[in-house]
Protein chains: 2
Amino acid sequence: MKGIKYLNQQESIVMDELLMGAKYGLSTFQLMELAGLSCASAISKVYPKQSLTKKVLTIVGPGNNGGDGLVCSRHLVQFGYNVDIFYPKRTDKQLYHDLVLQCRNEEIKFIDELPNDIEKDYSLVIDSIFGYSFKGDIRAPFDKIIESLCKTSTPIASIDVPSGWDVEKGMIQGKNLFVPQLIVSLAAPKLCTQTYYGIHYLGGRFLPRAFIKETNLTDLLPEYKGCDQYVDISISSSPKTQSSL
Amino acid sequence: MKGIKYLNQQESIVMDELLMGAKYGLSTFQLMELAGLSCASAISKVYPKQSLTKKVLTIVGPGNNGGDGLVCSRHLVQFGYNVDIFYPKRTDKQLYHDLVLQCRNEEIKFIDELPNDIEKDYSLVIDSIFGYSFKGDIRAPFDKIIESLCKTSTPIASIDVPSGWDVEKGMIQGKNLFVPQLIVSLAAPKLCTQTYYGIHYLGGRFLPRAFIKETNLTDLLPEYKGCDQYVDISISSSPKTQSSL
């Protein structure tokens, strides 16, 4: 193990395109299912359901990171969690209609507005607003949402990339951004998480062997244990995997 | 918990159609991914990889049970197992072409013939030949394959239904059939497994809450633990869940 590879934005985009192209033939459905399941599994490890006295709120963005959040929420309900979803800007694609329907069939409530005092009703917020393809300014309505997340005392678990962070540089000075308590990186961590000192898990255990060789990632990804869909890569808790960075 | 519901063949067919219909909107891709993953997870629990001195052989049938076996094999490789696949009668559908491609990209070898002495090369056979929709006679080439499985001393793990068994009555007298060491039932066990005394796991943790209510399955399904994708429902090892049958 030489250390962990942290992807820049372009590498992340190329990785996903390659996985879903003709050569590897993985579908969005499959990757999103495994990604969302791994996030739910990691969250259930870090926040056991008996430790949460209130509900979980998933905030869902307009793209694939939002899709991961929808799948994650569905699995959390399967694990016995009580989840609400806030999904203010919906994507008009069949995949997303199906994912919403699946959540409704888990009897998840979709709320129409973010409450002023998130901490009153929620023990945990899952941030699945923006992922590795985020660039530029935070547009409405997500600017106000991220403002609310900066203010709340409820812990936040971010899927792949904390929303609003620069995918490579992390928190940009002068911008009002939040630091999540947990990040679940997907497939491989992004550059912005390299100096993140919170709880950091990796999920999305689906990179094919041939792909790992082709993209020179051999020995640059942490090892999962048993049939776990996630692995702890926190700087504080896994000195071994980080030692040679 | 009143006991476990064992599905008859018609109920199994209706369940799958309902899950993938407009009302629940789950896709074959999603269900197969979760089913296959749960099988791989259960198998890794029962047969830890360090306990297998030889390879695993997955025998893949022409339908969805075969698809579950392909997905299961891919995840087993992700878990560090060494898997070969025997897939003598391929289905000419994009889904199956993709699943085969995904296995090839895990560097799984597809063998062209079943060896005479399975036990020489393989520590475990995964039987994903026929599932809950099997009826009637076992046609070539699967008749000979099942004959071989009757003879081998290699343990067999069957996905959902042991191939050749009547889905409701189990082993039919006078037919040459095998008894697997492990059955991983999917979504809900089928009638044929009701008196099965081997190791019996349930996987396919994806039945939506609304579906469970609609189909009157509340309290008739075993409880999964934590984020586990499988649960042990062996008659010998879970007296509690079976007590009121």
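Heads up: these notes are all about the structure in this document. (Residues numbered from 1 in each chain as written. Chains lettered and ligands numbered in written order. Predicted model: local features only at pLDDT ≥ 70, side-chain atom pairs only at ≥ 80, totals over all residues. Heavy atoms only, no water.)

## What to know about the interface of chain A and chain B
And then number 1: Taken together, the contacts link 37 residues of chain A with 37 residues of chain B.
And then number 2: Among the residues chain A hides against chain B, the three largest losses belong to A:Gln30, A:Asn105 and A:Arg209. Together they make up 19% of the total.
And then number 3: Counting across the chain A and chain B interface gives two salt bridges.
And then number 4: Residue assignment for the side of chain A that touches chain B shows that the elements contributing at least two residues are α2 (28-46), α3 (64-78), α4 (94-104) and α7 (209-214) of chain A.
And then number 5: For the side of chain A that touches chain B, a count of residues per class yields 17 nonpolar, 11 polar and nine charged. (Contact = heavy atoms within 4.5 Å. Buried area = accessible area lost by both parts, 1.4 Å probe. Salt bridge = Lys/Arg side-chain N within 4 Å of Asp/Glu carboxyl O. Helix = DSSP H or I, 4+ residues; strand = E, 2+ residues; numbered from the N terminus. Nonpolar A, V, L, I, M, F, W, Y, C, P; charged D, E, K, R; others polar.)

## Focus: the nonpolar core
And then number 1: Counting residues in each nonpolar core, the largest one holds 107 residues, and the members touching the most others are A:Leu70 and B:Leu70.
And then number 2: Non-local contacts of A:Leu70, meaning those with residues more than four positions away in its chain, are made with A:Val60, A:Ile85, A:Tyr87, A:Tyr96, A:Leu99, A:Val100, A:Cys103 and A:Phe110. (Core = buried A, V, L, I, M, F, W, Y, C linked by side-chain atoms within 4.5 Å. Buried < 20%, exposed > 50% of the residue type's maximum accessible area, 1.4 Å probe, protein only.)

## Points about helix α6 (residues 142-151) of chain B
All names here are of chain B.
And then number 1: Listing the buried residues of α6 in full gives Phe142, Ile145, Ile146 and Leu149. On an axial view of α6, the arc spanned by its buried residues comes to 95°, and they lie on one face. Counted as exposed and oriented over 90 degrees from the buried face of α6: Lys144 and Lys151.
And then number 2: The secondary structure elements touched by the buried residues of α6 are β1 (55-60), β2 (83-86), α5 (118-121), β4 (122-128) and β5 (156-159). (Arc of directions from axis to C-beta.)

## Section: the packing of aromatic side chains
And then number 1: Applying the stated criterion across every chain, the model contains 11 aromatic pairs over all chains.
And then number 2: Judged by centre distance (6.3 Å) and plane angle (15°), the rings of A:Phe29 and B:Phe29 are stacked. Pair noted here: A:Phe29 is in helix α2 and B:Phe29 is in helix α2 (residues 28-46), and the two residues belong to different chains.
And then number 3: Using a relative accessible area of 22% as the deciding quantity, one classes A:Phe29 as partly exposed.
And then number 4: Ring geometry for B:Trp165 against B:Tyr196: centres 6.3 Å apart, planes inclined by 70°, an arrangement best described as edge-to-face. (Phe/Tyr/Trp six-rings, centres within 6.5 Å; stacked < 30°, edge-to-face > 60°.)

## Overview of the relation of the copies chain A and chain B
Both copies of the chain are related through a single rotation about an axis accompanied by a shift along the same axis.
And then number 1: Placing chain A over chain B gives an RMSD of 0.0 Å and needs a rotation angle of 180°, together with 0.0 Å of translation along the axis. Given the turn and translation reported, the copies of this chain are related as if by a two-fold rotation axis.
And then number 2: Looking at chain A, 100% of its interface residues are interface residues in chain B too, so the copies touch through the same face. (Least-squares fit on C-alpha atoms with pLDDT ≥ 70 in both.)

## Here we look at the packing of α2(A) against α2(B)
And then number 1: Put simply, α2(A) and α2(B) touch, their axes get as near as 9 Å, and they point 50° apart. Classed by the angle they form, the pair α2(A) and α2(B) counts as oblique. Handedness of the α2(A)/α2(B) crossing: right-handed. In this structure, α2(A) uses A:Phe29, A:Gln30, A:Glu33, A:Leu34 and A:Leu37 to contact α2(B), whose residues at the interface are B:Phe29, B:Gln30, B:Glu33, B:Leu34 and B:Leu37.
And then number 2: Per-class residue counts for the contact of α2(A) with α2(B) are six nonpolar, two polar and two charged. (Axes fitted to C-alpha atoms, helices over the stretch in contact; angles between N-to-C directions. Parallel < 35°, antiparallel > 145°, perpendicular 65-115°, else oblique. Left-handed = near helix turned anticlockwise from the far one by under 90°.)

## Description of empty space enclosed by the protein
And then number 1: Using the criterion set out here, one finds one cavity of 30 Å³ or more in the structure.
And then number 2: Its volume calculated, the largest cavity comes out at about 40 Å³.
And then number 3: Lining the largest cavity are A:Leu26, A:Arg205, A:Phe206, A:Pro208, B:Arg74, B:His75, B:Gln78 and B:Glu106.
And then number 4: Across the lining of the largest cavity, the residue classes tally to three nonpolar, two polar and three charged. (1 Å grid on protein atoms, 1.4 Å probe; cavity = no way out; pocket = protein on both sides within 12 Å on 5 of 7 lines; lining within 4 Å. Points joined across faces, edges and corners; volume = space filled by probe spheres on them.)

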